[in-house]
Amino acid sequence: MKTLTVNIVTPDGPVYDSEVDMIIAKTASGEIGILPGHIPMVAPLVIGAVKLKKDGKTEYVAVNGGFVEVRPEKVTILAQSSEVASSIDLARAKEAMKRAEERLQGKQDTTDFSRAELSLKRAMNRINVYEGNI
Amino acid sequence: MASLRDIKSRITSTKKTSQITKAMQMVSASKLNRAEENAKAYVPYMGKIQEVVAAIATGTNDSGHPMLTSRPVKKTAYLVITSDRGLAGAYNSNVLRAVTNAINERHTSSDDYVIFAIGRMGRDFFVKRGSNVIESVVALPDQPSFADIKEIARKAVGMFTDGTYDELYMYYNHFVSAISQEVTEKKVLPLTDIAVEMGTTASYEFEPSAEAILEVLLPQYAESLIFGALLDGKASEHAARMSAMKSATDNASELISNLTLVYNRARQAAITQEITEIVGGAAALE
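Residues numbered from 1 in each chain as written. Chains lettered and ligands numbered in written order. Predicted model: local features only at pLDDT ≥ 70, side-chain atom pairs only at ≥ 80, totals over all residues.

Caption draft 1: Quick look at the packing of helix α1 (residues 90-106) of chain A against helix α2 (residues 113-131) of chain A. Residues and elements named next belong to chain A. Running from N to C, α1 and α2 point in directions that differ by 150°, and their axes come no closer than 8 Å. When the axes of α1 and α2 are compared, the pair comes out roughly antiparallel. The way α1 lies across α2 gives a crossing that is left-handed. Along its contact with α1, which presents Leu90, Ala93, Lys94, Ala96, Met97, Ala100, Glu101, Arg103 and Leu104, the element α2 presents Phe113, Ala116, Glu117, Ser119, Leu120, Ala123, Met124, Arg126, Ile127 and Tyr130. Grouping the constituent residues of the contact of α1 with α2 by class yields 13 nonpolar, 1 polar and 5 charged. (Axes fitted to C-alpha atoms, helices over the stretch in contact; angles between N-to-C directions. Helix = DSSP H or I, 4+ residues; strand = E, 2+ residues; numbered from the N terminus. Parallel < 35°, antiparallel > 145°, perpendicular 65-115°, else oblique. Left-handed = near helix turned anticlockwise from the far one by under 90°. Contact = placed C-beta atoms within 7 Å. Nonpolar A, V, L, I, M, F, W, Y, C, P; charged D, E, K, R; others polar.)

Okay, structure coming up:
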């Protein structure tokens with residue numbers, strides 16, 4: 001069976017580089033599945049998990065925005081930050097979630113709501129990816 | 001002539017200083033290695049993002065995106081990357097001089113420009129001069145990660161988008177080699193010089209549309225340009241500090257050898273004088 005090469009790259013260096021059978025990613029216009037031989041495409045991603053299917057097993061990678069570039073044999077995901085499930089710092093993510101929730105509930109005019117909401121989303125995404133419940 | 005004791009204490013203190021500068025030189029050398037590795041890790045990301053941006057920008061004739069179009073310049077922003085600490089030779093003063101010259105040339109009033117400062121030296125310099133420093137980041141680690149400058153980068157790009165200023169320039173030391181760094185001025189926004197020399201103009205399908213992708217892609221691209229400059233600047237900083245400390249150590253050892261010469265001469269003079277006195281005294285007794 002044909003496979004796809006997946007690269008996940010962030011400014012701090014490559015995060016993931018491997019051959020997989022199928023990729024499922026959340027783009028701004030909905031979830032897409034990418035199989036080998038896909039037409040060249042570029043799509044922005046939302047904060048979420050990228051699922052990488054390989055030999056019947058599924059790996060999860062947390063991606064914080066960015067976009068995906070698809071070519072027939074190669075998929076590149078460019079994100080400003082990204083973590084594979086095993087390298088997620090759960091305690092830090094939980095703390096970030098708590099902080100963001102407090103900020104959102106504080107309801108002060110000075111709070112930057114969109115920012116707090118984004119960091120809440122990121123933290124929840126990390127926790128979900130770590131626990132594998134997507 | 002200085003007394004023997006004075007010379008001796010100068011030699012000792014110079015030796016102590018040279019030990020410190022030598023240690024700092026070695027620390028900077030190892031930090032430079034790490035900084036170069038970081039810069040290398042960043043290359044694939046930048047290369048890829050440039051490729052996609054170029055493919056989209058050339059693929060669509062629609063250049064109406066605000067980040068791609070130049071508009072009449074009323075206000076300019078300067079993002080200045082300096083170090084937090086000194087003892088790095090002319091590293092900071094070169095950058096600051098270049099920025100000051102550019103500002104003096106282009107602007108008559110201090111309302112015409114704003115400053116973003118990365119690094120304590122730059123921030124203090126512009127605050128002291130009374131410039132409008134919008135945002136600053138200090139005390140960055142030696143191996144900065146993207147998260148460290150995300151805020152300032154987002155703000156710098158965001159304020160261009162909402163029209164606070166019409167140009168964004170970036171000043172930093174470009175790392176040429178371990179012994180040479182050059183001050184670089186780079187126009188970040190508007191993105192007028194996106195590399196069109198890419199041969200692989202793969203025609204992409206855009207999901208949902210090219211405009212929507214540019215909306216996400218261009219800020220990300222501009223922010224990563226800033227991060228790239230920071231990594232470059234950090235590598236230059238360590239290299240500059242390394243060579244500054246190397247020449248300090250060299251100067252110290254030259255000074256020590258000169259002082260040792262003076263010391264020995266003075267000691268010899270003292271001994272000779274003593275002998276002359278003894279001989280003179282003995283001769284007087286006869």
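Caption draft 2: Geometry of the pairing of strand β3 (residues 22-27) of chain A. Residues and elements named next belong to chain A. Pairing geometry for β3 and strand β6 (residues 48-54), over 3 bridges, is antiparallel. By the bridge assignment for β6, Ile24 is matched with Lys51. Relative to strand β4 (residues 30-34), β3 runs antiparallel, the two sharing 5 bridges. From the neighbouring strand, Ile23 faces β4, where its bridge partner is Ile34. Hairpin geometry of β3 and β4 is characterised by an intervening segment of 2 residues between the two adjacent antiparallel strands. (Pairing = 2+ DSSP bridges.)

Caption draft 3: Representation of the interface of chain B and chain A in the model. Contact with chain B, which involves 26 residues of that partner, is made by 23 residues of chain A. Elements with a contribution of two residues or more to the side of chain B that touches chain A: α1 (4-59), α4 (146-161), β6 (205-206) and α5 (210-285) of chain B. The element contributing the most residues to the side of chain B that touches chain A is α1(B), with 8 residues. Looking at the side of chain B that touches chain A residue by residue, the class counts come to 18 nonpolar, 4 polar and 4 charged. Across 2 bridges, the pairing between strand β5 (residues 41-44) of chain A and β6(B) is parallel. Across the sheet, A:Met41 pairs through a bridge with B:Glu205, a residue of β6(B).

Caption draft 4: Seen up close, the sheet that holds β6(A). Residue and element names in this part refer to chain A. Sheet architecture is open: 5 strands sit in the order β4-β3-β6-β7-β10, paired in antiparallel fashion. With partners counted over all chains shown, the strands left at the sheet margins are β4 and β10 (82-84), one partner each. Averaged over all pairs of adjacent strands, the angle between their axes in this sheet comes to 20°, without regard to strand direction. Here β6 runs beside strand β7 (residues 57-63); their pairing, made up of 7 bridges, is antiparallel. Opposite Ala49, over in β7, you have Ala62 as the bridge partner.

Caption draft 5: The arrangement of the pairing of strand β2 (residues 113-118) of chain B in detail. All names here are of chain B. Where burial is concerned, most of β2 is hidden: 6 out of the 6 residues are buried. Relative to β2, strand β1 (residues 76-81) runs parallel, the two being bridged by 6 bridges. Each bridged residue has a counterpart across the sheet, and for Leu79 the counterpart in β2 is Phe116. You can see the chain leave β1, run along helix α2 (residues 91-106) and come back into β2, and the turn it takes is right-handed. Looking at chain direction, β2 and strand β3 (residues 133-137) are connected through 4 bridges and run parallel. Following the sheet pairing, Ile118 is matched in β3 by Val137. (Buried ≥ 20, exposed ≤ 12 C-beta atoms within 10 Å, placed from the backbone. Right-handed = clockwise from strand over helix to strand, strands pointing away.)

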